[in-house]
Amino acid sequence: MDYDYIIGNGTLVDGNSTPKFKADVGILGDRIVAIGDLGTAQTKKRLDATGLTLAPGFIDVHNHSDGWLRKTPNFFPKTSQGFTTEVLMADGISYAPVDRATWRHWVYYMRALNGLQQNDYNGWESIEEYMSGLNGATCQNTITHIPYAHARTMAMGWGREAPDDVQMEEIQTSITHGMEEGAVGISTGLDYISECFAQTDEIVEACKVISEYGGLYVTHIRYKKGTLAGIKEAVEIGKRSNVSVHISHLKGTSQKQIDEILTYIDTVAINEVDFSFDVYPYLPGSTMLNYMLPYEVWEEGPLNVLAKLNDPIIRRRFSRIIERYEVNLEHIYIAWLPGKENARYIGRSLGDFVNESCKTPADALSDLLIDENLAVLLVFHHGDDKLVHPFLSHPSYMMGTDGIYFPNGAVHPRMYGSAGRLLGPCVRDYKLFSLEEAVHKLSGLPAQRFGIEERGLISQDYYADIVVFDADTVKDQATYQDPHQFCLGINHVFVNGTIIVNDGQEVELQGDVYPGKVLRYNQK
């Protein structure tokens, strides 16, 4: 047999937690067709991986790449880490499904998370239509959730009322369509727009639809009400609707809280439902400034929020939120905003901004949101990253970077460094787990959990999504002060048999078709 590519003399970590071993890998077309001694085999190209490790392509189960992948064929902050598959539409918010009444609201609302603008919309409505715009248009594979807020707002608008019978049926119909179009399941973000009004019973009824497909309930829980209470609600939803449960970006901020969470998971959650979670290997978080606003501002949709921010009553409520949660504005930094006048504040704290404005925090921040059309991204600088280590070590954990990208922003370093940190310092320095276990958390485990067939392992006849890296030197380099730094030690990346990163550099591919494929849940 003549191969298209042979990766020779490397050490294989197959993604299944089995001990590493020496072998060559033969690629033909988009598949792995041989594993073994291929030293004398005929091949069009041969890559010498002496001293390097071969692993399955990494899978990011929680990210905010939805919009950037439409504009960036080789999304190098992610492919340079070895991520070959992105699970899109996290937190119940994205760009599809939409209709004529909702699409402008969603593009406007998502500006500080995903980068699309109104003129990027080209008429898609369904999830399938949105995802078809990614097939062959990006270097990465993609698979999607059904973002719950979209189904809800199409059925009943933006208000806080519970859905009536007809509206609930419309929500369920939308979810059915999404599952038929290949979605993994439902994602929710219960602190975010529209979904913050959805009560437990409503979500149970929605999840009953995905139960029929064996779908996954993936949730940003009600963190504002307390992490443990939010996990318990998610488990209740899973149990009552007979679905598996996956918690997004789960972590604790004190040892006491961590012990409470992990004790509940180990003694209750895993026995009540099929349970898993993701998190990135950092403690500080990142989200939009408008996340802090009182929920009532969202009742008429994002395009009607600015007028509400002029209301003194809303500002007083915003002020009480800042006081209630004891928000330390000196530890919250502006990561990105679109306006040139305020660009000088990128990388500086909200405390600096408020002090220089000579206004109260609620007034200063409300005015900032008005100036920037709600699009202000934050990074929270607090806590010790070692507090996330018990979660990374847990057998129910897999990688979700939660990466948010803006090329001119002071973004969270998780966008660039998550895989390198897990493979390098977490293995070599902190000894949280073996290299084989780290790779499993990045590949085989998420592939199995998210229904990604024939990927996640280096195995004969599987798709040739492969990462080649130096296990002795791989590490993250991104910092909060200088986040746009690529990981060290990740040398080569293949997607569906095509090399997209070579010697740590982006490969310029010829033509208009790229190797990334749109994947469907539990389908080969």
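Residues numbered from 1 in each chain as written. Predicted model: local features only at pLDDT ≥ 70, side-chain atom pairs only at ≥ 80, totals over all residues. Heavy atoms only, no water.

## Points about the sheet that holds strand E7 (residues 83-88)
Now for step 1: Judged by pairing direction, the sheet is parallel, and its three strands sit side by side in the order E6-E7-E8 without closing on themselves. If you trace the sheet from one side to the other, it starts and ends with strand E6 (58-60) and strand E8 (141-144), each paired once. Here the strands of the sheet are splayed against their neighbours by 20° on average, with no regard to which way each runs.
Now for step 2: One ladder, built from four bridges, connects E7 with E8; its direction is parallel. For valine 87, the partnering residue across the bridge sits in E8 and is isoleucine 143. (Pairing = 2+ DSSP bridges. Helix = DSSP H or I, 4+ residues; strand = E, 2+ residues; numbered from the N terminus. Axes fitted to C-alpha atoms, helices over the stretch in contact; angles between N-to-C directions.)

## Overview of the pairing of strand E2 (residues 21-28)
Now for step 1: Of the pairings in the sheet, the one linking strand E1 (residues 2-12) to E2 comprises six bridges and is antiparallel in character. Looking at the pairing, leucine 12 lines up with phenylalanine 21 of E2.
Now for step 2: With five bridges connecting them, E2 and strand E3 (residues 31-36) associate as antiparallel partners. Bridge assignment links glycine 26 to a residue of E3, and that residue is alanine 34.

## A short note on helix H10 (residues 255-272)
Now for step 1: With 18 residues, H10 should reach 26 Å at 1.5 Å per residue; the first-to-last C-alpha distance of 25 Å fits that figure.
Now for step 2: Maximal helix bending in H10 amounts to about 45°, located at isoleucine 265.
Now for step 3: Turning to H10, the residues buried within the fold contact helix H9 (227-241), strand E13 (275-279) and helix H15 (389-392). (Expected span 1.5 Å × (residues − 1). Bend = angle between axes of the 7 residues up to and from the residue. Contact = heavy atoms within 4.5 Å.)

## As for a negative patch on the surface
Now for step 1: Residues Asp164, Asp165, Glu169 and Glu170 make up a contiguous surface patch of negative charge.
Now for step 2: You can see glutamate 170 is positioned in helix H7 (residues 165-180). (Patch = residues over 30% accessible without salt bridge, like charges linked within 9 Å, V, L, I, M, F, W, Y side chains within 5 Å. Areas by Shrake-Rupley, 256 points an atom, 1.4 Å probe, with all protein chains shown as cover. Salt bridge = Lys/Arg side-chain N within 4 Å of Asp/Glu carboxyl O. Lys, Arg positive; Asp, Glu negative; His and termini not counted. Charge placed at Lys NZ, Arg CZ, Asp CG, Glu CD.)

## Comments concerning the packing of H7 against helix H8 (residues 200-211)
Now for step 1: Contact pair H7 / H8: the axes reach a minimum separation of 9 Å and the direction vectors enclose 35°. You can see that H7 and H8 cross each other, and the crossing is right-handed. Only Glu202, Glu205, Ala206, Val209 and Ile210 of H8 make contact with H7, whose side of the interface consists of Met168, Ile171, Gln172, Ile175, Thr176 and Met179.
Now for step 2: Of the residues belonging to the contact of H7 with H8, the class tally is seven nonpolar, two polar and two charged. (Left-handed = near helix turned anticlockwise from the far one by under 90°. Nonpolar A, V, L, I, M, F, W, Y, C, P; charged D, E, K, R; others polar.)

## Topic: the sheet that holds strand E12 (residues 244-247)
Now for step 1: Sheet architecture is open: six strands sit in the order E9-E10-E11-E12-E13-E17, paired in parallel fashion. With one partner strand each, in any of the chains shown, strand E9 (146-147) and strand E17 (397-399) form the two edges of the open sheet.
Now for step 2: For E12 and E13, the ladder comprises three bridges, and the chain directions are parallel. Residue pairing for E13: valine 245 is matched across the bridge by phenylalanine 275.

## Some thoughts on the packing of aromatic side chains
Now for step 1: Per the stated rule, a full pass over the model turns up 21 aromatic pairs.
Now for step 2: With a centroid separation of 5.5 Å and 55° between ring planes, the pair formed by tyrosine 416 and phenylalanine 486 is classed as tilted. Within this pair, whereas tyrosine 416 is found in helix H16 (residues 414-423), its partner phenylalanine 486 is found in the loop between strand E18 (466-469) and strand E19 (490-495), the two being separated by 70 residues in sequence.
Now for step 3: Put simply, the rings of Trp68, Phe75, Phe76, Trp336, Tyr405, Phe406, Tyr416 and Phe486 touch in pairs and so form one group of aromatic residues.
Now for step 4: Between arginine 70 and the ring centre of tyrosine 130, over which it is positioned, the NZ or CZ distance is 4.4 Å.
Now for step 5: Positioned over the ring face of tryptophan 68 is lysine 71, at 4.9 Å from the centre of the ring. (Phe/Tyr/Trp six-rings, centres within 6.5 Å; stacked < 30°, edge-to-face > 60°. Lys NZ or Arg CZ within 6 Å of the ring centre and 35° of its normal.)

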